[in-house]
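Next come the chains, spelled out residue by residue.
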Protein chains: 2
Amino acid sequence: MNPIGVFDSGVGGLTVLRALRAAYPSNDFIYLGDTARLPYGTKSPATVMRYSLQCASLLVRRGIRCLVVACNTASASALQELRLAHPSVPVIGVIDPGAEAAVAASRSQHIAVIATEGTIAGGAYQAAIRRLNSAARVTAGACSLFVALAEEGWVDGEIPQAVARRYLAPIFSGTDMPDTLVLGCTHFPVLARSIAAVLPRGVKIVDSAATTAAALLRQVAPAAAGRGRVRWLATDDAARFARVGTSFLGETLHAADIEIVDLIAA
Amino acid sequence: MNPIGVFDSGVGGLTVLRALRAAYPSNDFIYLGDTARLPYGTKSPATVMRYSLQCASLLVRRGIRCLVVACNTASASALQELRLAHPSVPVIGVIDPGAEAAVAASRSQHIAVIATEGTIAGGAYQAAIRRLNSAARVTAGACSLFVALAEEGWVDGEIPQAVARRYLAPIFSGTDMPDTLVLGCTHFPVLARSIAAVLPRGVKIVDSAATTAAALLRQVAPAAAGRGRVRWLATDDAARFARVGTSFLGETLHAADIEIVDLIAA
């Protein structure tokens, strides 16, 4: 059975891959991190669309049975074009599953979304939530430093909690606060403990990595028994990919196992 | 008199421009931030060289009397090629001035350099210091989170000091510690107060923005009297450039004053 293809601008999508592997332990995966061109979040939608189509083409040529866009920016800008370009491959992004899970989890339908500056400014989560429930209220906040903390591996202790408190206290204050928090960036699940530590009691955290895996399970059957393998592709710097990626994936990545590919020449 | 040209991958070089304007108040400047392709620090030297040549060509076509490479990554990878491509324009980078100032300031010749991961791994500061004094010892540390803190505008208070302590305590401990610290990233001067607050007494800080301005003054005469003007160019997102750049420059930048240019089509 062909592998499930997953791509991201870098290592953040490894939190999605981790959730997918937990959901599909017997399946093979092929993961592509476009590390030469990261971050996507600061680039224009047209550029992100072009890069995403290049990532998808390479994965489709390698033979995949479905495509997971494990990047919020690419999910917001390129999902429709990816489906048009590859009509025979199911394509799933991270935004709709997160929005669906948040609407399902929230009692008050007042939902907070935290993400990168680009994702928040683009408004894709806010729009996806309101498509599901036009009466829902969304409080959105950009948490740019979470990306740097996650990449540095500073995920527990004084500093990430102080940063989380500074970002989240203004969102979760007063009597009319959200009851659900969407982690709208694939980097954020590695900080979930520090984020949870500063939230008021009872606030539910929706992790879009886990919800994407659950959404894919509803569309694509798992492979038969056995332990699946992962093939690793990146566009630059295997050493950094392996080092930073190890904490996102939760298991050791070796630079020697990462194939460097050229998306432009390909 | 033609303006002084300055370029960087984004807003970090504005700390250099700020120091240059203090040194050359009557001169005109033209500043180019290649915001569409930032950061340069994670890209290969060949790519950084190509981007730097494109930035320089545009500035030279606009008419400049000298070129300041206000970016550590570009200074490390592209200085020689920029000089070859534009033999009639004096080209100055940020690394040699910082190294010279550090060697001049240090009594023990044990010098600490902090910068981004890419600058530290590339070893340009370490090599520049050892070219000046082969007996100098350099302790280098990557401080990636400083970039994110500076861009977020979180430059004073608990969080930047906690981050500075975590990065700097291992470098400044024991009896054989450096006596001089080079801020080897154009983002870091905005954090200088928080950095100074956690350093042992007596450690000197060398700010490569200020030292670059001093080095340029030795090569290029100031313009006559009057208050010089700045022309602003960027390759993407004038709004973010203005917002983040304001704190780096120390004066208000307006998005409407920023001309968006296309370096590839140009």
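Here the structure is a predicted model, which is why all the values come from computation and not from measurement.

(A) Fine view of the overall build of chain A. Regarding its fold elements, chain A presents 11 helices and 10 strands. Over its C-alpha atoms chain A spans a radius of gyration of 18 Å, differing by no more than 12% from the 18 Å that the globule rule assigns to 266 residues. Projected onto its principal axes, the C-alpha coordinates of chain A cover approximately 55 × 40 × 40 Å. Scored against the burial criterion, the 266 residues of chain A give a buried share of 53%. Taking the intrachain contacts of chain A between residues at least 6 apart in sequence as the baseline, contacts between residues at least 24 apart amount to 78%.

(B) Main features of the interface of chain A and chain B. The partner chain B presents 17 residues to the 17 residues of chain A that form the contact. Counting residues per element, the ones that place at least two in the side of chain A that touches chain B are α7 (144–152) and α8 (158–168) of chain A. No other element matches α7 of chain A, which puts six residues into the side of chain A that touches chain B. Residue composition of the side of chain A that touches chain B, by class: eight nonpolar, three polar and six charged.

(C) Examining the relation of the copies chain A and chain B more closely. Note on the copies: chain A fits chain B at an RMSD of 0.0 Å, the axial shift is 0.0 Å, and the rotation between them is 180 degrees. Such a turn and shift between the copies fits a two-fold axis. Comparing interface residues between copies, 100% of those in chain A also lie at the interface in chain B; the contact surface is shared.

(D) Structural context of the sheet that holds strand β7 (residues 180–183) of chain A. Residue and element names in this part refer to chain A. Spatially, four strands are ordered β6-β5-β7-β8 in an open sheet, and the strand pairing comes out parallel. The sheet is open, and its two edges are formed by β6 (137–142) and β8 (204–207), each paired on a single side. For this sheet, the mean angle separating the axes of adjacent strands, direction not counted, is 25 degrees. In the sheet, strand β5 (residues 110–115) pairs with β6 via six bridges, with the strands oriented parallel. By the bridge assignment, Ile 114 is partnered in β6 with Gly 141. Relative to β8, helix α4 (residues 95–105) is tilted by about 160 degrees, and along the sheet it contacts β5, β7 and β8.

(E) Up close: the environment of Val 103 of chain A. All names here are of chain A. As for its position among the elements, Val 103 is in helix α4. Remark: the alpha-carbon pair of Val 103 and Ala 197, spanning 94 residues in sequence, is separated by 23 Å. When residues no more than four places from it in sequence are discounted, the contact partners of Val 103 are Ile 129, Leu 132, Asn 133 and Ala 136.

(F) Representation of the domain arrangement of chain A in the model. Residue and element names in this part refer to chain A. Each domain of chain A was delimited in the assignment, giving domain 1 (4–93 + 212–260) and domain 2 (95–208). Using C-alpha coordinates to define each centre, domain 1 is positioned 22 Å away from domain 2. Elements supplying a minimum of two residues to the side of domain 1 that touches domain 2: α1 (14–23), α3 (72–85), α10 (208–219) and α11 (238–249). Top element by residues in the side of domain 1 that touches domain 2 is α3. It accounts for four residues. The residue inventory of the side of domain 1 that touches domain 2, partitioned by class, reads eight nonpolar, 11 polar and one charged.

(G) Inspection of the environment of Asp 262 of chain A at higher detail. Mapped onto the secondary structure, Asp 262 of chain A falls in the segment after β10 (258–260). Remark: the alpha-carbon pair of Asp 262 of chain A and Ala 234 of chain A, spanning 28 residues in sequence, is separated by 8.6 Å.

(H) Structural context of the nonpolar core. Formed by 180 residues in total, the largest nonpolar core has its most connected members in Val 68 and Val 69 of chain A together with Val 68 and Val 69 of chain B. Other than its neighbours up to four places away in sequence, Val 68 of chain A contacts Ile 4, Gly 5, Val 6, Val 16, Leu 20, Ile 92, Thr 212 and Leu 216 of chain A.

(I) Broad picture of the sheet that holds strand β4 (residues 91–93) of chain A. Residue and element names in this part refer to chain A. With parallel pairing, the six strands of this open sheet are ordered in space as β4-β3-β1-β2-β9-β10. Edge positions in the sheet fall to β4 and β10, since each has one partner strand and no second. Sheet twist, expressed as the average angle between the axes of neighbouring strands with direction ignored, equals 20 degrees. Running over the sheet, helix α2 (residues 45–62) touches β1 (4–8), β2 (29–33) and β3 (66–69) and is turned about 150 degrees from β2.

(J) Spatial organisation of the pairing of strand β8 (residues 204–207) of chain B. Residue and element names in this part refer to chain B. Sheet analysis places strand β7 (residues 180–183) next to β8, joined by four bridges and oriented parallel. Following the sheet pairing, Val 182 is matched in β8 by Val 206. Once the chain exits β7 it traverses helix α9 (residues 192–198) before rejoining the sheet at β8, and the crossover so formed is right-handed.

So, how was this worked out
- Residues numbered from 1 in each chain as written.
- Chains lettered and ligands numbered in written order.
- Predicted model: local features only at pLDDT ≥ 70, side-chain atom pairs only at ≥ 80, totals over all residues.
- Helix = DSSP H or I, 4+ residues; strand = E, 2+ residues; numbered from the N terminus.
- Rg over C-alpha atoms; globule rule 2.2 N^0.38 Å.
- Buried ≥ 20, exposed ≤ 12 C-beta atoms within 10 Å, placed from the backbone.
- Contact = placed C-beta atoms within 7 Å.
- Nonpolar A, V, L, I, M, F, W, Y, C, P; charged D, E, K, R; others polar.
- Least-squares fit on C-alpha atoms with pLDDT ≥ 70 in both.
- Pairing = 2+ DSSP bridges.
- Axes fitted to C-alpha atoms, helices over the stretch in contact; angles between N-to-C directions.
- Domains from an automatic or database assignment.
- Core = buried A, V, L, I, M, F, W, Y, C linked by C-beta atoms within 7 Å.
- Right-handed = clockwise from strand over helix to strand, strands pointing away.

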